[in-house]
Amino acid sequence: MADLLLFPPSSKLSSSMAEFLDHNFKTLDDLLKITTVQDNLNKECLDLDRHLMDLSYRFSEVVASFSSHSDTIKGFLGDLKLKLSNFRVSGPCDESAVNNNIGSILSKELPLLAKEVGRVEMVRVYGETTLKLEALVGDLEDSVVSIMNINPRKGNPMIMGSAPNQYEVETKQQKLVMAINSINLIEDMLTNLVKSQPQWSRLLKAVDSRVEQSLAILRPQAIADYRALLTCIGWPPPLSVKNLDQGEKNPLIVMHGSIKENYSQSVLSLCTLQHSHILRRARICSQLRHNKENRLLDLGAVQKPNPNELLWTIEELVSPIYSRMEPHIAKWADKPEFIFALVYKVTWDLVDGVDYVLQPLIDRARLSGYSAREEWVSGMVAGLSLILSKQIFSILANRYRDGDREVKSLWLHLVDLVLSFDKRMQELVSSDLSLPIAKIAHTDASLLSPRSAVIHIFCDQPEWFVIWTEIELEDAEEKLKTQLEKDTAWIVDKGSKFESESPQSQIPESFLLSTIEDYRAPPIADSTIKLVFSLIERCRSLPNVLFQIQFIKLTTSPILHWFLDLLIWQCQEIDLSASLGDDAVISTIMNCINAAGYCVSVLREWSEKLTFLEMRSTEEEIQNQIDKALPETPTYFFDEEIEKLGKFQTEWLSEIMANFLREFDNYSHDYVKNKKQWQETGGEAFDTVDGSSGFAVLSISTEFIAVLDNLQGRIRNLNIGLNAKDFSDLWRSIAGGLDRFIFKSLCLGGTKFLDRRTKQFAIDMKALFSVFKPFCVRPEAFFPFISDSLKLLAMSHEEAKHLGMILGALNSSVDKRKLELLRHGIHHISPRKALKILRNHIY
């Protein structure tokens, strides 16, 4: 018995043996468990022997398969050698036979030989690759088995206040690292095989299947060990943590010694394992997507890569925190602002530990594009989204479907809290110095990551999204109706700047209209635009651009159409034909036109911004996918609203012009119908410079003065009431209408002009031109027919006679007649009408 207890000198023991003995036999009492140690060693030896036998069996199968292929090739080469020998000893033959035999060999035998040699080479490569993969997969499975066989000591050392078994922890970490390295090597080989040998799909399937089985064991075990370490360091901390001065500290920051080292190694291993897992899923999905004919793996069994997946280390930090929050959240279902405040407070209090501890570990794991702070914020946001979905939004949605009208205010209040919370969380993420500068610079709510925005909950629940849009639309309509009830809704302060202006003074106008004052629109138009803008701002935080487009179409478009219907109703309530001369009536219509013009201007300006250009581009892509034969693509995002508002402007400007011309017709009836006045010979006699007698026409016709006074007043009111752009278009149209009216009524209406009365007509027309003098330098240019008529009436008798002969000649071509008119400065009147005017001029 004494001989059995003798040990060799410690100097002859290996370092691993010495460490093993030191670990298991620290005291004399430890000798009592020598039987347990012996049993464990025997079990490991049996497992290793069994695995070695399995490898030997598999290797024998591969060698046998390779040997069978080699025998086949050997037989083929023997036959070829025999044929060549027979050919060489076949004796003398003619040259044509030899050539035929050589041709047969070159055309048939050698290609077959080359093909068979290539196949043998492919078999060799396949065998070598299979052996390498078998060895790597075997190493992976050995590591997994070793990890599972390392059982923690009874009583679970990974609890607060108990020191962990350092040897077991280190051994597990080493085995985990070995397993991860095996996975990476396997993945590298499989990635190369997918590119170089995609036809080996069965081999790929077999390897993926075995690796998947190992990962199904490895990942839960690694996460379980990580959770045990978190429990050991005291995570999660109390929710009452405020700052370090109050005695409560962040466990991530205060841990030290072996606990910190173990935690760091666990984070590194888990991050590396997740990275390998992501690469593997991406490779499998890509393989299945590009090789549809060889789809040996079930797509449903392979989870697609999720770009919004959290780091497993962060996810395990967040989960116990929300477990501790649940009792508080359950009590605050009717006070959601408390829930948001608590989540933000915890996120902010613990973010330093994430920055100082986890970020360096993530960098060491070479996870490019990952920020510990962003992952932490995203994890807290994801947890809050889950709670809101289950405990608040689902209940409110059911109440809304049941017709509970009180839900609207609660829903809008909750959305306000969500938007405010998302903005604060995004600011917290943007303050991370590890993020790229370009990402820090953009803190716009529209750039929120789906993972760091609670508002993304509506993208996951389309039914709730529709409820949200309905509630927002109803709330917006109620706000607009409230604005309409105000006395100042349609009152426009046009100021007194026109009051002091002389009718003949020029009024400079700027056509670069931008503000509501420039468009002279009523306050209700500004309220509508501001309301639409607020709705757009509320949806810009939605991470999905398709949902942004849908939100705008479901909320802002109905509001704009509602406002257009309001403008139409305002104008249709007025009977213009019975309200001639009523300034209040015309002012109401002008206010509506200005409101429409202001809305069109703002909508065009918005549509030219990058955000709406991207939305328009997305709409085009969707429409092209649905129907590739579209007639034409709208120019603006708000193209339909802009078109309808613009049509409203045009129609009612035309209505004003028509009313204006009817009124002018009524006032000028006596002046136009009294054709005898142009044949009267009366007038004040005077002596001309050359001593001949003549008649002087000193003033405007009496009947025409009242017409011009009314016209000037109406034009002045339009100038004050309409915006500069629409007024400019309107007065030009009015001038054109008056030009055609007077031209047809007097110049072509059969009126005979006595030579002396043409001067009176010219003075009257110049007075008409002067009404439009404040708005342009040469108003006569906007009366082309009257101006040409005055030129014809002002011709001398000889000129008129000569021109009349040319215009009336039967053998004169149309081009010649027009050329003759151009020589006399007549550009707009046709030869036939010019001849008629000349014949009505009595000399």
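For the structure, check the block above.
All values derive from a computational prediction rather than experimental measurement. (Residues numbered from 1 in each chain as written. Predicted model: local features only at pLDDT ≥ 70, side-chain atom pairs only at ≥ 80, totals over all residues. Heavy atoms only, no water.)

Asks: Lay out the side chain of Gln173 in plain terms, naming residues and giving numbers.
Replies: Locating Gln173 in the fold gives a position in helix α4 (residues 166–196). Once residues within four sequence positions are removed from consideration, Gln173 is found in contact with Gln265, Ser266 and Ser269. (Helix = DSSP H or I, 4+ residues; strand = E, 2+ residues; numbered from the N terminus. Contact = heavy atoms within 4.5 Å.)

Asks: Tell me what's going on with the environment of Asp815, and back it up with residues and numbers.
Replies: Among the secondary structure elements, Asp815 is positioned in helix α27 (residues 814–823). Asp815 gets classed as exposed once you look at its relative accessible area, which sits at 60%. Note: C-alpha distance between Asp815 and Pro831 (16 residues apart in sequence) is 9.7 Å. (Buried < 20%, exposed > 50% of the residue type's maximum accessible area, 1.4 Å probe, protein only.)

Asks: Before we move on, can you summarise the nonpolar core with the specific residues and values?
Replies: Most often, soluble globular proteins have nonpolar side chains that are buried together. Judged by nonpolar contacts, the single largest core of 198 residues is most densely connected at Tyr263, Trp376, Trp411 and Phe761. Broken down by element, this core gets its largest block of residues, 14 residues, from helix α18 (residues 583–607). When near neighbours in sequence (up to four residues on either side) are disregarded, Trp411 contacts Phe393, Leu396, Ala397, Phe458, Trp464, Ile467, Trp468 and Ile471. (Core = buried A, V, L, I, M, F, W, Y, C linked by side-chain atoms within 4.5 Å.)

Asks: Tell me about a positive patch on the surface, and please be specific about residues and values.
Replies: A cluster of like positive charges, contributed by Arg740, Lys744, Arg832, Lys833 and Lys836, occupies part of the molecular surface. Among the elements of the structure, α23 (724–747) and α28 (831–839) are those that each provide at least two residues to the positive patch. Ranked by residue count, the leading element in the positive patch is α28, at three residues. As for its position among the elements, Arg832 is in helix α28. Taking the relative accessible area as the measure of exposure, Arg832 reaches 64% and is therefore exposed. (Patch = residues over 30% accessible without salt bridge, like charges linked within 9 Å, V, L, I, M, F, W, Y side chains within 5 Å. Areas by Shrake-Rupley, 256 points an atom, 1.4 Å probe, with all protein chains shown as cover. Salt bridge = Lys/Arg side-chain N within 4 Å of Asp/Glu carboxyl O. Lys, Arg positive; Asp, Glu negative; His and termini not counted. Charge placed at Lys NZ, Arg CZ, Asp CG, Glu CD.)

Asks: Got a sec to walk through unusual backbone geometry? Specific residues and values, please.
Replies: Residue Trp235 is joined to Pro236 through a cis peptide bond whose omega torsion reads 5°. Unlike most non-glycine residues, Arg366 shows phi in positive territory, near 60°. Relative to the helices and strands, Arg366 is located in the loop between α9 (336–364) and α10 (372–401). The backbone of Arg520 shows a phi angle near 55°, a positive value even though the residue is not glycine. Structurally, Arg520 is set in the loop between α15 (516–519) and α16 (523–539).

Asks: If you had to explain helix α22 (residues 702–721) to someone new, which residues and values would you point to?
Replies: Compared with the 28 Å implied by 1.5 Å per residue over 20 residues, the 30 Å span of α22 between its first and last C-alpha is a close match. When α22 is considered as a whole, its buried residues turn out to be Phe704, Val707, Leu708, Asn710, Leu711, Arg714, Ile715, Leu718, Asn719, Ile720 and Gly721. (Expected span 1.5 Å × (residues − 1).)

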